[in-house]
Amino acid sequence: MLKWLLTLLVALVVLTAISPWLGRRLGLGRLPGDLTVRVKGRDYYVPFTTTILLSLALTALSRLL
């Protein structure tokens, strides 16, 4: 259980870090359900919906291979 929680946390951090690039290139990160929080002039992205979509895409890809 702890391994899955740690994996989910790492995936969320990575997607949060690359979400500006994904938003410009692929249109991800601006989906309904993705949160943008502005604190003291900095924007923080929490891409819940993008995480779910990418997870489903990777799961489908892994099942095909």
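Above: the structure in question.
In this text, all values refer to a predicted model and were calculated from it rather than measured experimentally.

**A short note on the overall build of the chain**
Scanning the chain from terminus to terminus reveals two helices and two strands. Reading the chain from its N terminus to its C terminus gives the helix and strand order α-β-β-α. Oriented by its inertia axes, the alpha-carbon framework of the chain measures out at about 45 × 30 × 20 Å. Counting the 65 residues in the chain, one finds 15% classified as buried.

**What about the environment of Leu54?**
Tracing the chain through its elements places Leu54 in helix α2 (residues 48–64). Using a relative accessible area of 26% as the deciding quantity, one classes Leu54 as partly exposed. Along the chain, Leu54 and Leu15 lie 39 residues apart, while their C-alpha atoms are 9.6 Å from each other.

**Considering the pairing of strand β1 (residues 34–39)**
When a strand is regular, its side chains alternate between the sheet's two faces. Across six bridges, the pairing between β1 and strand β2 (residues 42–47) is antiparallel. Opposite Thr36, over in β2, you have Tyr45 as the bridge partner. Where β1 folds back onto β2 in an antiparallel hairpin, the turn is made up of two residues, including Lys40, whose phi is positive at roughly 50°.

**Regarding the environment of Ser55**
Relative to the elements of secondary structure, Ser55 occurs in helix α2. When the C-alpha positions of Ser55 and Ala11 are compared, they lie 9.5 Å apart, and in sequence the two are 44 residues distant.

**Quick word on the pattern of salt bridges**
Going through the model one piece at a time under the given rule, you end up with one salt bridge. One salt bridge connects Arg38 with Asp43, and the closest N-O pair in it is separated by 2.8 Å. Exposure remark for Arg38: the relative accessible area of 60% places this residue in the exposed category.

**Description of the side chain of Asp34**
Residue placement: Asp34 occurs in strand β1. Among the residues examined, Asp34 registers a relative accessible area of 12% and is labelled buried. A distance of 2.6 Å separates the side chain of Asp34 from the side chain of Thr50, its partner in a polar contact.

The rules behind the values
Residues numbered from 1 in each chain as written. Predicted model: local features only at pLDDT ≥ 70, side-chain atom pairs only at ≥ 80, totals over all residues. Heavy atoms only, no water. Helix = DSSP H or I, 4+ residues; strand = E, 2+ residues; numbered from the N terminus. Buried < 20%, exposed > 50% of the residue type's maximum accessible area, 1.4 Å probe, protein only. Pairing = 2+ DSSP bridges. Salt bridge = Lys/Arg side-chain N within 4 Å of Asp/Glu carboxyl O. Polar contact = N/O pair within 3.5 Å; in protein donor to acceptor, adjacent residues only side chain to side chain.

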